[in-house]
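# Secondary and tertiary structure notes
Each chain is listed here by its residues.
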Amino acid sequence: MNAPLTVPDFSDIRARIACVPRVPLIVRPTPITEAPNLAKALGGGARIFIKRDDLTSIGLGGNKLRNLEFRLARSMAENPDTVVVGLDLQSNSARQTVAACNKLGLRTILVLEGAKPNIVQGNLLMDYLLGAEVHFAPNATAQRAMLD
């Protein structure tokens, strides 16, 4: 026989999270919207809802901004003027980091793994439009060396 399902006490979890330093970056709460066409395409057996983290307000949104609120709070405690980060060439996290740093008045240097493309598009285009200083590393080893 299976043990009964217990619901965790979320108030304790929320209290612990509230103690962690955080820099406010996003508009809360982001909306939850119904997706009736998706539900219909999947057979219509249930209602489907989507959490709209694309509407978090900066850098075209995304769930990585929630994480950045904690990571950048730790960085801000050291009074930086620049954030240097190594990520992938078309990284959502890079785009959102640049946008968050802009909001906080910080310069952003991206060291992206991959070759500079002939045509700049997608997140890389947004990195440039948002004002990041972008460097390219051909592989992870070179990226680590550039970051060091």
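Below is a short write-up of the structure. (Residues numbered from 1 in each chain as written. Predicted model: local features only at pLDDT ≥ 70, side-chain atom pairs only at ≥ 80, totals over all residues. Heavy atoms only, no water.)

## A few points about the pattern of salt bridges
This structure, assessed with the given rule, holds eight salt bridges. For Asp12, the salt bridge identified is with Arg16, shortest N-O distance 3.3 Å. Residue Asp12 and its partner Arg16 are both found in helix α1 (residues 10–18); the two are separated by four residues, about one turn of the helix. Asp12 gets classed as partly exposed once you look at its relative accessible area, which sits at 37%. (Salt bridge = Lys/Arg side-chain N within 4 Å of Asp/Glu carboxyl O. Helix = DSSP H or I, 4+ residues; strand = E, 2+ residues; numbered from the N terminus. Buried < 20%, exposed > 50% of the residue type's maximum accessible area, 1.4 Å probe, protein only.)

## Here's the deal with the environment of Thr82
Relative to the helices and strands, Thr82 resides in strand β3 (residues 82–88). Looking at Thr82, the relative accessible area reads 22%, which means it is partly exposed. When residues no more than four places from it in sequence are discounted, the contact partners of Thr82 are Leu106, Arg107 and Ile109. At a separation of 3.0 Å, a polar atom in the side chain of Thr82 contacts the side chain of Asp81. (Contact = heavy atoms within 4.5 Å. Polar contact = N/O pair within 3.5 Å; in protein donor to acceptor, adjacent residues only side chain to side chain.)

## Examining the sheet that holds strand β4 (residues 107–113)
Remark on secondary structure: sheet strands pair via backbone hydrogen bonds, oriented parallel or antiparallel. Taken in spatial order, the three strands of this open sheet run β3-β4-β5, and their pairing is parallel. The outermost strands of the open sheet, each flanked by one partner alone, are β3 and β5 (133–137). In this sheet, adjacent strand axes meet at a mean angle of 20° when their direction is disregarded. Two strands pair when backbone bridges link them, and β3 and β4 are joined in this way by seven bridges, in the parallel orientation. Across the sheet, the residue bridging to Val85 is Leu110, located in β4. Lying over the sheet, helix α4 (residues 92–103) contacts β3 and β4, oriented at roughly 170° with respect to β4. (Pairing = 2+ DSSP bridges. Axes fitted to C-alpha atoms, helices over the stretch in contact; angles between N-to-C directions.)

## Points about the packing of helix α3 (residues 64–76) against α4
The geometry of a pair of packed helices is captured by two quantities: the angle between their axes and the separation between those axes. One way to put it is that α3 packs onto α4 with a least axis distance of 10 Å and a crossing angle of 55°. One finds that α3 runs oblique with respect to α4. α4 is crossed by α3, and the crossing has right-handed handedness. Residue-level contacts link Lys64, Leu65, Leu68, Arg71 and Leu72 of α3 to Asn92, Ser93, Gln96, Thr97, Ala100 and Cys101 of α4. Its residues assigned to classes, the contact of α3 with α4 comprises five nonpolar, four polar and two charged. (Parallel < 35°, antiparallel > 145°, perpendicular 65-115°, else oblique. Left-handed = near helix turned anticlockwise from the far one by under 90°. Nonpolar A, V, L, I, M, F, W, Y, C, P; charged D, E, K, R; others polar.)

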